[in-house]
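What follows is each chain in one-letter form.
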Amino acid sequence: MKPVVPRDCVLPDPAAVHRVRSADGTALNVEEYGPDGAPIVVLAHGWTCATTFWAPVVNLLAAEFRLVAYDQRGHGRSETPATTAGYGTDRLADDLEAVLLATVPAGQRAVLAGHSMGGMTIMAAADRPEVAARTAAALLASTGAGDLVAELAVVPAAVRHAGVRRFLHRQILRSRLPLGPVTAVSRAALKYATMGPATPADRVAACAQIVHACPTAVRHRWAGVLETLDVRAGLAHLTAPTAVVVGTHDRLTPPVLARRIAAALPDPQGLLELPGTGHMSPVERPTDIATEIRRLAGLAAPHPPAAGSATAPASTVRTTVPTVVEESAS
């Protein structure tokens, strides 16, 4: 029987929906949830995803925050760039800056939360004055700043030759093959590559619907950007309090990448490792992601957060400063 998507993986009715034009004219779909006037949180999703990816987190936080979620260019309801010039980390930074200018009034600041390519977007835009002025804190979830192909762990460890593994990872990353309809086989493949082994079938189904909806050409063109990604220089400019989250079973952006980011941050606010969790942390562990967002909002607020609101669940592992940066064995 085909698993039913969980109710919390469906977005509530938005408070507002509008189009925002980026610097090159690309129209971005922007959706807002929660009460007007509440503290603002801006959500940037990852490669092959869409605003719907954030539904479990939105449903947990919509009573407390004004949540701004937008579709990255080419994804969801945002426009697809007509040429390859419309793809790149500078374009991602342009888009985030445009969304912030449109949704965060001058003089106010938001917590920025980015998953995967969304986290890369935050790092890429960190040196933009308008972005910095509107950033109260940041959450980088399941992401990396560089060396993605070298650290991918999708190919089984039994393939020991580093060169062969890199070649296979490039072929997987840049595949032009359409994903086709969601089937039991495709759900199993997606779960293996992107989610923890204990992830329930209905949450795998929710992610599969989102990922399979991404156009093949868009997936391929962004994969080319990710293959050579290097936004490490942006970390020095990300001076707002920043927390990092990663799943211990993340095959796409393994924990070694999260540890490198945390070690390079000017104002690190902890590295949270989620046991048994894969790459899709906002869907696999939405409560932990929501807790981190609340904690960061509390750090940025003029008064401390409510008692207990920033406490990490017992099933997580947090380090304040990574004392050892684990290098890849490949």
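Residues numbered from 1 in each chain as written. Predicted model: local features only at pLDDT ≥ 70, side-chain atom pairs only at ≥ 80, totals over all residues. Heavy atoms only, no water.

With that settled, the discussion passes to the overall build of the chain. Counting secondary structure elements, the chain contains 12 helices and nine strands. The buried share among the 330 residues of the chain stands at 54%. When contacts within the chain are restricted to residue pairs at least 6 apart in sequence, long-range pairs at least 24 apart make up 79% of them. With the model as given, the accessible surface of the chain reaches about 13,600 Å², and the carbon-plus-sulfur share is 58%. (Helix = DSSP H or I, 4+ residues; strand = E, 2+ residues; numbered from the N terminus. Buried < 20%, exposed > 50% of the residue type's maximum accessible area, 1.4 Å probe, protein only. Contact = heavy atoms within 4.5 Å. Areas by Shrake-Rupley, 256 points an atom, 1.4 Å probe, with all protein chains shown as cover.)

Moving on, we get to the side chain of Thr-199. Topologically, Thr-199 is positioned in the loop between helix H7 (184-194) and helix H8 (201-212). Note on Thr-199: relative accessible area 8%, which makes it buried. A distance of 3.2 Å separates the side chain of Thr-199 from the side chain of Glu-284, its partner in a polar contact. Here Thr-199 is in contact with Lys-191, Val-204 and Glu-284, once residues within four sequence places are set aside. (Polar contact = N/O pair within 3.5 Å; in protein donor to acceptor, adjacent residues only side chain to side chain.)

Counted by the stated rule, this structure contains two aromatic pairs. Measuring from centroid to centroid gives 6.3 Å for Phe-53 and Trp-54, while their planes differ by 80°, and the two rings are edge-to-face. Of the two residues examined, Phe-53 and Trp-54, each falls in the buried class. Judged by centre distance (5.1 Å) and plane angle (65°), the ring pair of Tyr-87 and Trp-222 falls under edge-to-face. Note that Tyr-87 is positioned in the loop between strand S4 (66-70) and helix H2 (89-103) and Trp-222 in helix H9 (residues 216-227), a separation of 135 residues in sequence. In this structure, Tyr-87 and Trp-222 share a single accessibility class: buried. (Phe/Tyr/Trp six-rings, centres within 6.5 Å; stacked < 30°, edge-to-face > 60°.)

With that settled, consider the nonpolar core. Core analysis: the largest hydrophobic core is formed by 50 residues, its most contacted members being Val-42, Leu-96, Leu-112, Met-123, Trp-222 and Ile-261. Each residue touching Leu-112, except ones within four places of it in the same chain, is listed here: Val-42, Leu-96, Leu-100, Ile-122, Val-131, Thr-135, Ala-137, Ala-138 and Leu-139. The next biggest cluster of nonpolar side chains, apart from the first, holds 27 residues, and it includes Phe-65, Ala-243, Ile-289 and Leu-296. (Core = buried A, V, L, I, M, F, W, Y, C linked by side-chain atoms within 4.5 Å.)

Take the pattern of salt bridges next. Per the counting criterion, the structure on display carries 18 salt bridges. Residue Asp-94 is joined to Arg-128 by a salt bridge in which the shortest nitrogen-to-oxygen separation is 2.9 Å. Note that Asp-94 is positioned in helix H2 and Arg-128 in the loop between helix H3 (117-125) and helix H4 (129-133), a separation of 34 residues in sequence. The buried category is assigned to Asp-94, whose relative accessible area is 12%. You can call Arg-128 buried: its relative accessible area is 17%. As a salt-bridge pair, Arg-128 and Glu-97 come within 2.8 Å of each other at their nearest N and O atoms. (Salt bridge = Lys/Arg side-chain N within 4 Å of Asp/Glu carboxyl O.)

So, on to the confidence of the model for the chain. Here the chain averages 87 in pLDDT, while 83% of its residues score no lower than 70. Note that residues 303-315 has pLDDT below 50 and, in this model, 12 contacts with residues that lie over four places away or in other chains. (pLDDT = per-residue confidence, 0-100.)

Quick look at unusual backbone geometry now. The residue Ser-142 is not glycine, and still its phi comes out positive at about 50°. Even without being a glycine, Asp-147 presents a positive backbone phi close to 60°. Take Asp-147: its relative accessible area is 33%, and that puts it in the partly exposed class.

Across the six residues that make up strand S7 (residues 242-247), a large majority, six, are buried. On S7, burial covers both faces: Thr-242, Val-244 and Val-246 on one face and Ala-243, Val-245 and Gly-247 on the other are all buried. Examined bridge by bridge, S7 and strand S8 (residues 268-274) share five bridges and lie parallel to one another. Paired with Val-246 across the two strands is Glu-273, which belongs to S8. (Pairing = 2+ DSSP bridges.)

Moving on, we come to the pairing of S8. Among the seven residues that make up S8, five are buried, leaving the element largely enclosed by the rest of the structure. Read from S7 through helix H10 (residues 255-264) to S8, the crossover connection turns out right-handed. (Right-handed = clockwise from strand over helix to strand, strands pointing away.)

On to the packing of H7 against H8, then. Contact geometry of H7 with H8 gives a least axis separation of 10 Å together with a crossing angle of 95°. Comparing their axes, H8 and H7 come out roughly perpendicular. The residues of H8 that touch H7, namely those facing Ser-186, Arg-187, Leu-190 and Lys-191, are Val-204, Ala-205, Cys-207, Ala-208, Val-211 and His-212. Its residues assigned to classes, the contact of H7 with H8 shows six nonpolar, two polar and two charged. (Axes fitted to C-alpha atoms, helices over the stretch in contact; angles between N-to-C directions. Parallel < 35°, antiparallel > 145°, perpendicular 65-115°, else oblique. Nonpolar A, V, L, I, M, F, W, Y, C, P; charged D, E, K, R; others polar.)

Here H2 crosses H3 at 85°, and the two axes come no closer than 8 Å. One finds that H2 runs roughly perpendicular with respect to H3. Contacts between H2 and H3 involve Thr-89, Leu-92, Ala-93 and Leu-96 on the former and, on the latter, Met-117, Thr-121, Ile-122, Ala-124 and Ala-125.

Along the chain, Glu-130 turns up in helix H4. Residue Glu-130 is classed as partly exposed on the basis of its relative accessible area, which comes to 35%. Counting along the chain gives 32 residues from Glu-130 to Ala-98, while the straight-line C-alpha distance between them is 9.4 Å. Within polar-contact distance, the side chain of Glu-130 engages the side chain of Arg-134 at 2.5 Å.

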